[in-house]
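A structural walkthrough
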Amino acid sequence: MAQNLKKMSEPTTREQRLETYQPLSGMVVPRFAGISTFMRLPYLAPIQAPGEIDIAILGIPFDGATTNRPGTRLGPRQVREASSLMRLVNYGTLVAPYDLCACADVGDVPVNPIDVQDTLRRIEAEISYLHQGGVTPLSIGGDHIISYPILRALAAKSGPVGMIHVDAHSDTGDTYFGGQKLTHGTPFRRAIEDGVLDPRRMVQIGIRGHMYAADEREWALDQGIRIIDMEEVAEKGIPYAIAEARRIVGGDPTYFTFDIDSIDPAFAPGTGTPEIGGFTSREALQLVRGFRHLNLIGADMVEVSPPLDQSGGTALVGASIAFELLCLLAEARAERASKETRLNVV
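A short tour of the structure in this document, coming up. Remember, it's a predicted structure, so these values are computed and weren't measured experimentally. (Residues numbered from 1 in each chain as written. Predicted model: local features only at pLDDT ≥ 70, side-chain atom pairs only at ≥ 80, totals over all residues. Heavy atoms only, no water.)

Our next topic: the overall build of the protein chain. Of regular secondary structure, the protein chain possesses 11 helices and eight strands. For 346 residues, the compact-globule formula gives about 20 Å, and the C-alpha radius of gyration of the protein chain, at 19 Å, lands near that figure. Overall size of the protein chain, expressed as C-alpha extent along the three principal axes, is 55 × 50 × 40 Å. In the protein chain, buried positions account for 57% of the 346 residues. Residue pairs at least 24 apart in sequence account for 77% of intrachain contacts in the protein chain once pairs closer than 6 positions are excluded. Element-wise, carbon and sulfur atoms account for 55% of the exposed surface of the protein chain, whose accessible area totals about 14600 Å². Taking the average place of the 33 positive charges on the side chains of the protein chain and the average place of its 43 negative ones, the gap between the two points comes to 5 Å. (Helix = DSSP H or I, 4+ residues; strand = E, 2+ residues; numbered from the N terminus. Rg over C-alpha atoms; globule rule 2.2 N^0.38 Å. Buried < 20%, exposed > 50% of the residue type's maximum accessible area, 1.4 Å probe, protein only. Contact = heavy atoms within 4.5 Å. Areas by Shrake-Rupley, 256 points an atom, 1.4 Å probe, with all protein chains shown as cover. Lys, Arg positive; Asp, Glu negative; His and termini not counted. Charge placed at Lys NZ, Arg CZ, Asp CG, Glu CD.)

This part covers the packing of aromatic side chains. Counted under the stated rule, the structure contains one aromatic pair. Between Phe-256 and Phe-291, the aromatic rings sit 5.7 Å apart at their centres with planes inclined by 75°, giving edge-to-face as the arrangement. On the criterion of sequence distance, the pair formed by Phe-256 in strand S7 (residues 254-259) and Phe-291 in the loop between helix H10 (281-289) and strand S8 (296-302) is long-range, its members being 35 residues apart. For Phe-256, a relative accessible area of 0% translates into the label buried. (Phe/Tyr/Trp six-rings, centres within 6.5 Å; stacked < 30°, edge-to-face > 60°.)

As a further point, take the pattern of salt bridges. Applying the stated criterion across every chain, the model contains 22 salt bridges. A salt bridge links Glu-232 to Lys-236; its shortest N-O distance comes to 3.5 Å. Note that Glu-232 and Lys-236 are positioned in helix H8 (residues 230-236) at a spacing of four residues, about one turn of the helix. In this structure Glu-232 comes out as buried when scored by relative accessible area, which is 13%. For Arg-289, the salt bridge goes to Glu-324, with nearest N and O atoms at 2.9 Å. One end of the pair, Arg-289, is in helix H10; the other, Glu-324, is in helix H11 (residues 313-345), and 35 residues separate them in sequence. Owing to a relative accessible area of 6%, Glu-324 belongs among the buried residues under this scheme. Taken together, the shared-partner salt bridges in this structure form one network comprising Asp-174, Lys-181, Arg-189, Arg-190 and Glu-193. (Salt bridge = Lys/Arg side-chain N within 4 Å of Asp/Glu carboxyl O.)

This paragraph deals with the pairing of strand S5 (residues 197-205). Across the nine residues that make up S5, a large majority, eight, are buried. Across five bridges, the pairing between strand S4 (residues 161-166) and S5 is parallel. Among the inter-strand pairings, Ile-164 is bridged to a residue of S5, identified as Val-203. Regarding topology, helix H6 (residues 187-193) serves as the crossover connection from S4 to the parallel S5, and that connection is right-handed. Where S5 and strand S6 (residues 226-228) come together, three bridges link them in parallel fashion. Within S6, the residue paired with Ile-205 across the bridge is Ile-228. A crossover links S5 with its parallel partner S6, the connecting element being helix H7 (residues 215-223), and its sense is right-handed. (Pairing = 2+ DSSP bridges. Right-handed = clockwise from strand over helix to strand, strands pointing away.)

Right, let's talk about the side chain of Thr-66 for a bit. Mapped onto the fold, Thr-66 is located in the loop between strand S1 (55-60) and helix H2 (75-82). Engagement of the side chain of Thr-66 in a polar contact is seen with the backbone oxygen of Asp-63, the distance being 3.1 Å. Among the polar contacts made by the side chain of Thr-66, one reaches the side chain of Asp-143 at a distance of 3.2 Å. Thr-66 has contacts with Thr-72, Asp-143 and His-184, leaving out every residue within four places of it along the chain. (Polar contact = N/O pair within 3.5 Å; in protein donor to acceptor, adjacent residues only side chain to side chain.)

Once that is clear, we can look at the state of the cysteines. The full count for this structure, using the stated rule, is zero disulfides. Looking at the unpaired Cys-103, the closest cysteine sulfur is the one in Cys-101, lying at 5.6 Å. (Disulfide = S-S within 2.5 Å.)

For the bond from Gly-141 to Gly-142, the omega torsion is 15°, close enough to zero to count as cis. Assignment of secondary structure puts Gly-142 in the loop between strand S3 (136-141) and helix H5 (147-158). Its identity is not glycine, yet Met-39 carries a phi of approximately 60°, on the positive side. Position of Met-39 relative to the elements: it lies in the loop between helix H1 (14-20) and S1. The backbone of Phe-177 sits at a positive phi, close to 50°, despite the residue not being glycine. Structurally, Phe-177 is set in the loop between S4 and H6.

Now the structure itself:
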């Protein structure tokens, strides 16, 4: 534990930073003990992150844009608790993220629970600070509106990004309740309208259930979004969906957003708008693991609502998916660094 108490202001080599930013070992302090942080990683204030860590895991405890059952504002806290069950190496892919990147929990964005627009400004400012400082964000929501300011922050530096979107819902609606444009059902229409999300490099996987109007789907298709709905996944298989999504996003900067309601409520009931007929938890792992070696510059996992699943099982699914996303981000970042090193040598 002493290594995690070193002064962050001390100059460090990359090897020293990797050694410092390791999860608290379950062989030293039992996993049910200690201060709760994402993946049992050290806590680091966001302002200290640039130049110190490679990947920041942060909570965004906001559900003020939810139009159905609330509770996702409590998601980051319970996912932190569940993430104590994560270990060091991904059994399925053998990726060891903490050997590749220095990672830390940078706490929660200080949201305003009664003001959507103010909260979006706060999220965008913090993600922008991290991204401009060379830190890759992995965000834990919160409702799906949080992806909108994140995309704005990333695009300010990287330009319009592509996106892999795993969800039961398209979230490309226009307005709710008398013209409200900022809800958890509208983030990606707003991002496309702002020019920060490239719809021609956007793929949605697992869409199913019900819509208020056919316009939501028609508008998305008209923009060039590729929708691989659940019926198509069931017919053609997860490997097909992975290959199709990889073809669409290509090698340019890409964001990954995962809504827990993409998983069938039999496996993840604790979410505000469940839809039956979704992925099993095992299928979700297979799907996410299929996106290794892409140019991923950020990710989020959203819509875990602890009050709707007091067993904590949904939070465990969310924490497990977050670990899979962390592995993807760590590997992607390490590969970019290796490529840059080779180019500098040449």
